[in-house]
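# What the coordinates show
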Amino acid sequence: MAGSELTNIKSPRVKAARRLTKRAFRDRDRSFLAEGPQAVREALALDDVVVELFTTAEAELRHAEIVFAARAAGIPVLRTSGEVMAELAQTVTPQGLLAVCRFVHVPLERAVAAGARLVAVLAHVRDPGNAGTVLRSADAAGADAVVFTDASVDPYNGKCVRASAGSLFHLPVATGAPVAQAVARLKESGLRVLAADGAGTRTLDDVDLSGPTAWLFGNEAWGLPEELLRLADDVVRVPIYGRAESLNLATAAAVCLYASARFQRAGSPPAPGPRLP
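So, a few notes on the structure that sits alongside this text. The model shown is predicted, which means the values in this text are computed figures rather than measured ones.

Geometry of an aromatic ring pair is reported as the spacing of the ring centres plus the angle between the planes. Within this structure, the stated rule accounts for five aromatic pairs. Seen in terms of ring centroids, phenylalanine 32 and phenylalanine 103 are 6.4 Å apart; in terms of plane orientation they differ by 40°. Their pairing is tilted. Of this pair, phenylalanine 32 sits in strand β1 (residues 31-35) while phenylalanine 103 sits in the loop between β4 (97-102) and α7 (108-111); the two residues are 71 residues apart in sequence, bridging distant segments of the chain. Each member of the pair, phenylalanine 32 as well as phenylalanine 103, carries the same accessibility label: buried. Ring geometry for phenylalanine 103 versus tyrosine 156: centroids 4.2 Å apart, planes at 5°, classification stacked.

The backbone of aspartate 48 shows a phi angle near 60°, a positive value even though the residue is not glycine. Residue placement: aspartate 48 occurs in the loop between α3 (37-44) and β2 (50-56). Judged by relative accessible area, aspartate 48 falls into the exposed class, the value being 61%. Phi at alanine 165 takes a positive value of approximately 50°, unusual for a residue other than glycine. Secondary-structure assignment places alanine 165 in the loop between α9 (158-164) and β7 (173-175).

The subject of this paragraph is the packing of α3 against helix α5 (residues 64-72). At a minimum axis separation of 10 Å, α3 and α5 run at an interaxial angle of 30°. As the angle between them shows, α3 and α5 are arranged roughly parallel. Helix-helix and strand crossings are classified by hand; for α3 and α5 the assignment is left-handed. Counted together, Pro37, Val40, Arg41 and Leu44 of α3 and Glu65, Ile66, Ala69 and Ala70 of α5 form the full contact between these two elements. Broken down by class, the residue content of the contact of α3 with α5 amounts to six nonpolar, no polar and two charged.

Turning our eyes to something else, we now look at the sheet that holds strand β11 (residues 234-237). If you trace the seven strands from one edge of the open sheet to the other, you get β7-β6-β5-β10-β8-β11-β9, paired in parallel fashion. Among the strands making up the open sheet, the edge pair consists of β7 and β9 (202-203). Pairing of β9 with β11, which is carried by two bridges, proceeds in the parallel orientation. By the bridge assignment for β11, arginine 202 is matched with valine 236. Relative to the sheet, helix α10 (residues 179-188) contacts β5 (118-122), β6 (145-148), β8 (192-196) and β10 (213-217), its axis offset from that of β8 by approximately 140°. Where helix α12 (residues 249-264) meets the sheet, its contacts fall on β5, β8 and β10, and the angle it forms with β10 comes to roughly 175°.

So, on to α3. Among the residues of α3, those classed as buried are Pro37, Ala39, Val40, Glu42 and Ala43. Residues of α3 that are buried in the fold lie against β1, β2, α5 and β4.

Here the focus is the sheet that holds β4. The four strands lie next to each other as β1-β4-β2-β3, forming an open sheet whose pairing is mixed. In this open sheet, the two strands that pair with only one neighbour each are β1 and β3 (77-80). Between one strand and the next, the sheet's axes are offset by a mean angle of 20°, whatever the strand orientation. Packed onto the sheet, α3 meets β1, β2 and β4 and runs at close to 40° relative to β4.

Those residues of α10 that sit buried are Val179, Ala182, Val183 and Leu186. The arc that holds every buried residue of α10, seen down its axis, measures 95°, which confines them to one face. As for α10, its buried residues are in contact with α7, β5, β6, β8, β10 and α11 (226-229). Immediately beyond the C-terminal end of α10, within one or two residues, lies glycine 190, with a positive phi of roughly 90°.

Parameters and conventions
- Numbering of residues starts from 1 in every chain and runs along the sequence as written.
- For this predicted model, a pLDDT threshold of at least 70 governs which residues receive local features, and a threshold of 80 or more governs which side-chain atom pairs are given and counted, while totals over whole chains, interfaces and linings are taken from all residues.
- With hydrogens and water excluded, all non-hydrogen atoms of the structure serve as input to the side-chain values.
- Stacked, edge-to-face and tilted are the three classes for Phe, Tyr and Trp ring pairs, Trp counted by its six-membered ring, which pair at centre distances within 6.5 Å; planes under 30 degrees apart are stacked, over 60 edge-to-face, the rest tilted.
- Comment: elements are numbered from the N terminus, with helices defined as DSSP H or I runs of at least four residues and strands as E runs of at least two.
- Partly exposed residues are those whose accessible area sits between 20% and 50% of the maximum for their type, while under 20% is buried and over 50% is exposed, using a 1.4 Å probe and protein chains only.
- Convention adopted: a line fitted to C-alpha atoms gives each axis, helices being fitted over their contacting stretch, and angles between N-to-C directions are expressed from 0 to 180 degrees.
- Working definition: roughly parallel below 35 degrees, roughly antiparallel above 145 degrees, roughly perpendicular at 65 to 115 degrees, and oblique for all remaining angles.
- Crossing chirality is assigned from the near helix's rotation relative to the far helix, an anticlockwise turn below a right angle marking it left-handed and a clockwise turn marking it right-handed.
- The contact criterion used throughout is that any non-hydrogen atoms of two residues lie within 4.5 Å.
- Note on residue categories: nonpolar means Ala, Val, Leu, Ile, Met, Phe, Trp, Tyr, Cys or Pro, charged means Asp, Glu, Lys or Arg, and polar means any other residue, Gly included.
- For two strands to be treated as a pair, DSSP must find no fewer than two bridges joining them.
- Directions are taken from the helix axis to each C-beta atom, and the arc is the one they span.

Here you go:
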């Protein structure tokens, strides 16, 4: 492995990357940090997203295919000491790969395009871990888009990016729209808007989820305020069959999104199984 190692935590490139842990600098530079092999791998799968890649010598050996892909794409690869990586990383035990990436979100009108059948909308979701997990669940359920409204956490927050496990790079993500604007756009695109809230008089067992649906998810602690519930076509709660008081936001969102996905796919023929000898 030829090339010098970056060892000074006060070097301009390290300082420029490190400041992206703060939202004001992310917004100014329109860049963010993606940490770990899974996130970096998915970011590299998109054209013109990764600006530069920081890696330790150990990670360069362990994840040689990722580093090779970056270099093949003409992306600068900066080998760093463990001390510099620890300065850049936002985890207790860094995995030795960290990419500076350009913003990947799209306008609301593009995210909620005609033909969308399943969309997750985060309204007043403040916890980045929960937000990233909802994004990951939406991706896994085959959602067409995720909308982070203006009162929700920044999707480029480091904890949110990590919790999404690469899903930030998989499906259209819109940011910054007021909830009312997002809901209006969803309805114009033919989606039924359902608010997921413990105050709902109907449960997932009571509603038809086979049509195009957008789920509105609220704050972890206090749910959705009354004015946002009124924007929805219906308010639905996840049924609790046991003795638990409630489900946390990320779990409830996963249940709702998968319920919609199951109903929407019910008419599709099952995938063929393996042939028996």
